[in-house]
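What follows is the residue order along each chain.
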Amino acid sequence: MAILSDVATEVLIPLAAAVGIAFAIAQWVLVSRVKLAPSSGSDKDVLADSLIEEEEGLNDHNVVVRCAEIQCAIADGATSFLFTEYRYVGGFMCVFAAVIFVFLGSVDGFSTRSRPCAYSEGKQCKPALFNAVFSTVSFLLGAATSVVSGFLGMKVATYANARTTLEARKGVGRAFVTAFRSGAVMGFLLASSGLLVLYVAINLFQLYYGDDWEGLFESITGYGLGGSSMALFGRVGGGIYTKAADVGADLVGKVERNIPEDDPRNPAVIADNVGDNVGDIAGMGSDLFGSYAESSCAALVVASISSFGVNHDFTGMCYPLLVSSVGIVVCLVTTLFATDFFEIKDVKQIEPALKQQLIISTALMTAGIVLITWLALPAKFTIFNFGEQKEVSSWGLFLCVAIGLWAGLIIGYVTEYYTSNAYSPVQDVADACRTGAATNVIFGLALGYKSVIIPIFAIAVGIYVSFTVAAMYGIAVAALGMLSTIATGLSIDAYGPISDNAGGIAEMAGMSHRIRERTDALDAAGNTTAAIGKGFAIGSAALVSLALFGAFVSRAGVKVVDVLSPKVIIGLVSGAMLPYWFSAMTMKSVGRAALEMVEEVRRQFATIPGLMEGTGKPDYARCVKISTDASIRQMVPPGALVMLTPLVVGTLLGVHTLAGVLAGALVSGVQVAISASNTGGAWDNAKKYIEAGASEHARSLGPKGSDCHKAAVIGDTIGDPLKDTSGPSLNILIKLMAVESLVFAPFFATHGGILFKLF
């Protein structure tokens, strides 16, 4: 028996979620104390602000007003895009919800009679029709939670960007704390709300299901499907938006017109800053929420047909949720190290402070996993393993969670090594710019391919150990271990785009060079940590999709996936092709949208009098509209490819071929995603390495506007859709196809394989 009682479990999980939400609100209140208006209070307040401005050689309250105007323009653009996106995607979700109901309801001919349980002999389970109803409800619940998570993250980021700029007048430490606290608001809101909604849904569904835990947790899988479906469209649509604007702004502004990044004369500059929020904030938030929801659902499904579910051990059943609860508390303590315990006094301390967040959270979480494993699990229990029950010890399960947690840290640091300009790989890419853009591209591609090696070994070791110890359940909790510090990971991820926006606002508002140096330092650190975040997302996606694959073959009744079977081989080959097809669609979508943006920016420079001289005003709204329209239009085909593939394959070719498709997409997709993300990140930081000129080697390649710098800008432009659209979206592809297959597994097992039955 476990030490922790069921009543204590019922209190601890919602309590941890409530603490996380309260902490997010507290951080929001602290950020909101930075006012986006010139002081109008006491003489003391006015004098204090005046002294700050004089310190920077600037005593003009119009700068503050200008920051507020720019922030409003960015916030309005981001809100407009997300509302437009959600309107279209919302319609699709309603249609897909109907598909879920019809397919799952038809498993037993829409019967309302109870049926024999698949894994508990002699017991009766709830009718398939009601499983269809509850799966549909959980799908809509997951989609709604994902939408709210992404939208709140975007609102927080657009609220904080100008405040970070203004705090940079008072010192780099103040600006860092403002940006990081804002990121923490998003991180804790998402982690806590995801946990709370899932826990509440389980308890509400249990009112109907009662002792039928097999049916209960089968229907809960719709929650992960809804979360990832929204994440796919958020990632693809947001990625196309941000990269169309970025490519247009860079190619015309930097290369053709030789003006600085975020120069207010550039018509695409507002759209570029909007894109940071809708792609890197809303998209990333929905993505990691989807990973969390799917890994939790995969673990719960396997546990429900293991001894936890058979014996109705509620505390053991909720072990994945208890791990996430401990993670929220650990991340709360970790955040205080960055915002309260230590003070940033110099730009060189920023990146180490962010990386320390990863180390501290991982170390504390390891101790937390030891504690919750000791309290929540019996010494011995059994786990379902492809038709058999495998005996597992509690400390074996601790090893699975811990290996996932530390594999995530290894992937993060390898990603940093290959994408940070502090190390030789990126410096070599920058040096290749001496002979032009072609050699820069060659070196960047080679770096991306090489960066795949260590993360894949880390994932492989994690898979082998976890599966050996606890079968597919071990892999599911290993994925949860990697995502257990999701609040800290998201805080660091959101910090990057907020700092990037802060630098853009400083440039557009005409603030002093010294302030821009501070915001550039914040942004540079954010670029590296953003790459680390993408590494975490891809690594966790690999484990999550494998766990979902295991749950799918279990629910579909597949005992063995035989790679020598022609049904499986055709699936493997086709599945391995899908990431390339998907990448081609997303890359071309960015190219088309960027083409429209480049032509519009060129048109404005050619036709608006005085634009280059700074006396004419660009039409920012036109560029925002081009990015919005193009991204909404172009996100549909890639999204349809991912959503329809499992339905078509499972229905026409059956569960064995679908199992092959999932395995092929997983193996191929992880490699392509890591390579694409790291190649793009390396090109971006090679450009920044030349621009910063912080070393003798970097100065020999610069300055801005030199041939080397122009070659680096071209590499960065090529890498933009790789690192911010195709690469990050691929991890959703492999997860989403797996969770969709799991949700529809009863239908595919009953009615699938039509073509093979006919011929």
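Reading guide: rules and limits
- Residues numbered from 1 in each chain as written.
- Predicted model: local features only at pLDDT ≥ 70, side-chain atom pairs only at ≥ 80, totals over all residues.
- Heavy atoms only, no water.
- UniProt positions renumbered as here; feature names shortened; annotations may be inferred.
- Helix = DSSP H or I, 4+ residues; strand = E, 2+ residues; numbered from the N terminus.
- Rg over C-alpha atoms; globule rule 2.2 N^0.38 Å.
- Contact = heavy atoms within 4.5 Å.
- Areas by Shrake-Rupley, 256 points an atom, 1.4 Å probe, with all protein chains shown as cover.
- Lys, Arg positive; Asp, Glu negative; His and termini not counted.
- Charge placed at Lys NZ, Arg CZ, Asp CG, Glu CD.
- Salt bridge = Lys/Arg side-chain N within 4 Å of Asp/Glu carboxyl O.
- Buried < 20%, exposed > 50% of the residue type's maximum accessible area, 1.4 Å probe, protein only.
- 1 Å grid on protein atoms, 1.4 Å probe; cavity = no way out; pocket = protein on both sides within 12 Å on 5 of 7 lines; lining within 4 Å.
- Points joined across faces, edges and corners; volume = space filled by probe spheres on them.
- Nonpolar A, V, L, I, M, F, W, Y, C, P; charged D, E, K, R; others polar.
- Expected span 1.5 Å × (residues − 1).
- Phe/Tyr/Trp six-rings, centres within 6.5 Å; stacked < 30°, edge-to-face > 60°.

- The protein is annotated in an unreviewed UniProt entry as H(+)-exporting diphosphatase of Miscanthus lutarioriparius.
- Listed under Subcellular location (unreviewed entry) in UniProt, the entry text for the protein is "Endomembrane system".

## Observations concerning the overall build of the protein
Phase 1 of the analysis: Secondary structure summary: the protein contains 25 helices and 4 strands in total.
Phase 2 of the analysis: Relative to a compact globule of 759 residues, whose C-alpha radius of gyration would be 27 Å, the protein shows 26 Å and is just as compact.
Phase 3 of the analysis: The contacts of the protein with a sequence gap of at least 6 include a subset with a gap of at least 24, amounting to 84%.
Phase 4 of the analysis: As presented, the protein carries roughly 26,000 Å² of accessible surface, and 65% of it is formed by carbon and sulfur atoms.
Phase 5 of the analysis: Here the protein contributes 50 positive and 62 negative side-chain charges, whose respective centroids are spaced 2 Å apart.

## Notes on the pattern of salt bridges
Phase 1 of the analysis: Counted by the stated rule, this structure contains 28 salt bridges.
Phase 2 of the analysis: Between Lys355 and Glu416 there is a salt bridge; the shortest N-O distance is 2.5 Å. Of this pair, Lys355 sits in helix α11 (residues 350–376) while Glu416 is found in helix α12 (residues 394–419), placing the two residues 61 residues apart along the sequence.
Phase 3 of the analysis: Here Lys355 falls in the buried class, since its relative accessible area comes to 15%.
Phase 4 of the analysis: Look at Glu416 and you get buried, because its relative accessible area is 2%.
Phase 5 of the analysis: If you follow the salt bridges from partner to partner, you end up with Lys243, Asp246, Asp684, Lys687, Lys688, Asp716, Asp720, Lys723 and Asp724 in one network.

## Topic: the layout of surface pockets
Phase 1 of the analysis: When its volume is computed, the largest pocket comes out at roughly 1,300 Å³.
Phase 2 of the analysis: Of all elements in the fold, only α11, α16 (486–508), α17 (513–555) and α21 (655–692) reach the threshold of two or more residues within the lining of the largest pocket.
Phase 3 of the analysis: Of the residues forming the lining of the largest pocket, the biggest block, 10 residues, is contributed by α17.
Phase 4 of the analysis: Of the residues assigned to the lining of the largest pocket, the class counts are 13 nonpolar, 9 polar and 14 charged.
Phase 5 of the analysis: Here the second largest pocket is characterised by a volume of approximately 360 Å³.
Phase 6 of the analysis: In this structure, the second largest pocket is lined by 24 residues; those nearest its centre are Ala118, Tyr119, Ser554, Arg555 and Gly557.
Phase 7 of the analysis: Those elements that provide at least two residues to the lining of the second largest pocket are β1 (115–116), α4 (128–167), α6 (213–256), α17 and α24 (745–751).

## Points about helix α5 (residues 172–209)
Phase 1 of the analysis: Between the first and last C-alpha of α5 there are 55 Å, a value that for 38 residues agrees with the 56 Å anticipated at 1.5 Å per step.
Phase 2 of the analysis: Counted residue by residue, α5 has 27 buried out of 38 residues, so it is predominantly covered.

## With respect to the packing of aromatic side chains
Phase 1 of the analysis: Considering all chains together, one arrives at 30 aromatic pairs under this definition.
Phase 2 of the analysis: Plain terms: the ring middles of Phe92 and Phe233 are 5.3 Å apart, the flat faces sit at 65° to each other, and that makes the pair edge-to-face. With Phe92 in helix α3 (residues 62–105) and Phe233 in helix α6, the pair connects residues that are 141 residues apart, well separated along the chain.
Phase 3 of the analysis: Its relative accessible area of 6% is what places Phe233 among the buried residues.
Phase 4 of the analysis: Note on Phe308 and Phe381: the rings are 4.8 Å apart at their centroids and 35° apart in plane angle, and the pair reads as tilted. Note that Phe308 is positioned in helix α8 (residues 307–310) and Phe381 in strand β3 (residues 380–385), a separation of 73 residues in sequence.
Phase 5 of the analysis: Phe308 sits in the buried class, given a relative accessible area of 1%.
Phase 6 of the analysis: According to the relative accessible area criterion, Phe381 is buried, its value standing at 4%.
Phase 7 of the analysis: An aromatic cluster is defined as three or more aromatic residues linked by ring pairs; in this entry it consists of Phe92, Phe96, Phe103, Phe139, Phe233, Phe744, Phe747 and Phe748.

## Examining empty space enclosed by the protein
Phase 1 of the analysis: Taken as a whole and assessed by the stated rule, the structure comprises 8 cavities of 30 Å³ or more.
Phase 2 of the analysis: Taken as a whole, the largest cavity encloses approximately 430 Å³ of empty space.
Phase 3 of the analysis: Elements represented by at least two residues in the lining of the largest cavity include exactly α6, α7 (269–304), α16, α17, α21 and α23 (707–743).
Phase 4 of the analysis: Residue composition of the lining of the largest cavity, grouped by class: 4 nonpolar, 7 polar and 20 charged.
Phase 5 of the analysis: Reported here for the second largest cavity is a volume of approximately 170 Å³.
Phase 6 of the analysis: In terms of lining residues, the second largest cavity is bounded by 17 residues, among which Thr485, Ile486, Gly489, Leu490 and Phe536 are the most central.
Phase 7 of the analysis: The set of elements that each furnish at least two residues to the lining of the second largest cavity consists of α11, α15 (453–483), α16 and α17.
Phase 8 of the analysis: Examining the composition of the lining of the second largest cavity, we find that 6 residues originate from one element, α16, more than from any other.
Phase 9 of the analysis: Looking at side-chain class alone, the lining of the second largest cavity contains 9 nonpolar, 7 polar and 1 charged residues.

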